[in-house]
Amino acid sequence: MPKALIAGNWKMNGLAADIAEARSLAEALAANGASCRVALCPPATLIAKMAWSLKGSPVAVGGQDCHSGLSGAHTGDISAEMLADAGASLVIVGHSERRADHGESDAVVCAKAQAAFRAGLEPIICVGETLDQRKAGRALDVVVGQVEGSVPLEAVDHGFALAYEPVWAIGTGLTPTLAEIAEVHAAIRATLRDRLGAAGAAAPILYGGSVKPANAAEILATAEVGGALVGGASLKAADFLQIVRAV
Ligand code: 13P
């Protein structure tokens, strides 16, 4: 079994002063070790500063999105190569907030994951159903379709993680039951295995959506949960550390 990955997604939160939270997380982990891999994905403005500050520490740094191209006339966008150059080793692609706010399709997400591979970054490829889709009994179909459309076949030769984030559980305090998480993760695992063989069998499948210190241990102990993608509870080192310690 590969080590679990606990990744924090700061979303559009964080100023230079908040690097202190990342430092305090890194110092706590350096002192006592961690049984899993740990990463923080700050806004783009903080990647270089955070990567510099965490150099040599147990905490990796990731981006929250990248463009699929290498360079060019794309105002406001950032390439995977730029993220790597700034010190990132991972990048989140296809987060539901990007899919909703920026109209990103599975094909776009797939191209972004390919860009991550090209730049030597580990993509965390996100999928997840809306509440309407779950109520209509379509959660598994939607998620499996997103995995098929968003995970490039080149993933057989690269490290990557998948993140299952039900849209209705993000930032709401709601979570699926453990049985529902296990059901979706099993479907994702079967799809990854079919598409990618051994690489699909080994990739960590993270759960994301209202993970907090109080529920992390039971979620992380659920079948096929290989880590967590944490939003709000990753902003404070003390909370995030408790989640890391729950692995
Ligand atoms: P919350 O943990 O704030 O629900 O956010 C989850 C998420 O979207 C992580 O990418």
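A quick note: this is a predicted structure, and the numbers were derived from the prediction, not measured.

Caption draft 1: Broad picture of the site of the ligand. Around the ligand sit 13 residues in total, of which Lys11, His95, Glu165, Gly171 and Ser210 are the nearest. One of the side-chain N or O atoms of Lys11 is found 2.7 Å from an oxygen atom in the ligand. Glu165 has a polar side-chain atom sitting 2.9 Å from an oxygen atom of the ligand. When the ligand is considered free in solution it has 310 Å² of accessible area, and contact with the protein chains removes 94% of it. Taken together, the residues of the shell around the ligand break down into four nonpolar, seven polar and two charged.

Caption draft 2: Summary view of the sheet that holds strand E7 (residues 205–208). Strand order in the closed barrel formed by eight strands is E1-E2-E3-E4-E5-E6-E7-E8, and the pairing between neighbours is parallel. Each strand axis lies, on average, 25° off the axis of its neighbour in the sheet, ignoring direction. Where strand E6 (residues 161–164) meets E7, three bridges bridge the pair, whose relative direction is parallel. In the strand pairing of E7, Ala163 is matched with Leu206.

Caption draft 3: Inspection of the nonpolar core at higher detail. By size, the foremost hydrophobic cluster in this structure holds 64 residues, and its most contacted members are Ile6, Leu25, Val151, Phe160, Leu162, Ile188 and Leu192. For Leu192, the residues in contact, after removing those within four places along its chain, are Val147, Val151, Phe160, Leu162, Gly197, Gly200 and Ile205. By size, the runner-up hydrophobic cluster in this structure holds 12 residues, among which are Ala39, Ala161, Ala163 and Leu229.

Caption draft 4: Expanded view of the pattern of salt bridges. Scanning the model with the defined rule gives 13 salt bridges in all. The residue Arg37 makes a salt bridge to Glu122 at a minimum N-O spacing of 2.9 Å. A residue pair is termed long-range when its members are at least 10 positions apart, and Arg37 in strand E2 (residues 37–41) and Glu122 in strand E5 (residues 122–127) qualify at 85 residues. Under the relative-accessibility criterion, Glu122 is labelled buried at 14%. The partner of Asp65 in a salt bridge is Lys112, and the shortest N-O contact between them spans 2.8 Å. Of this pair, Asp65 sits in the loop between strand E3 (59–63) and helix H3 (80–85) while Lys112 sits in helix H5 (residues 106–119), and the two are 47 residues apart along the sequence. A residue is classified by how much of its surface remains accessible, and Asp65, at 15% relative accessible area, is buried. Where salt bridges share partners, they join Asp65, Arg98, Glu104 and Lys112 into one cluster.

Scoring rules and cut-offs
- Residues numbered from 1 in each chain as written.
- Predicted model: local features only at pLDDT ≥ 70, side-chain atom pairs only at ≥ 80, totals over all residues.
- Heavy atoms only, no water.
- Near = heavy atom within 4 Å.
- Polar contact = N/O pair within 3.5 Å; in protein donor to acceptor, adjacent residues only side chain to side chain.
- Areas by Shrake-Rupley, 256 points an atom, 1.4 Å probe, with all protein chains shown as cover.
- Nonpolar A, V, L, I, M, F, W, Y, C, P; charged D, E, K, R; others polar.
- Pairing = 2+ DSSP bridges.
- Helix = DSSP H or I, 4+ residues; strand = E, 2+ residues; numbered from the N terminus.
- Axes fitted to C-alpha atoms, helices over the stretch in contact; angles between N-to-C directions.
- Core = buried A, V, L, I, M, F, W, Y, C linked by side-chain atoms within 4.5 Å.
- Buried < 20%, exposed > 50% of the residue type's maximum accessible area, 1.4 Å probe, protein only.
- Contact = heavy atoms within 4.5 Å.
- Salt bridge = Lys/Arg side-chain N within 4 Å of Asp/Glu carboxyl O.

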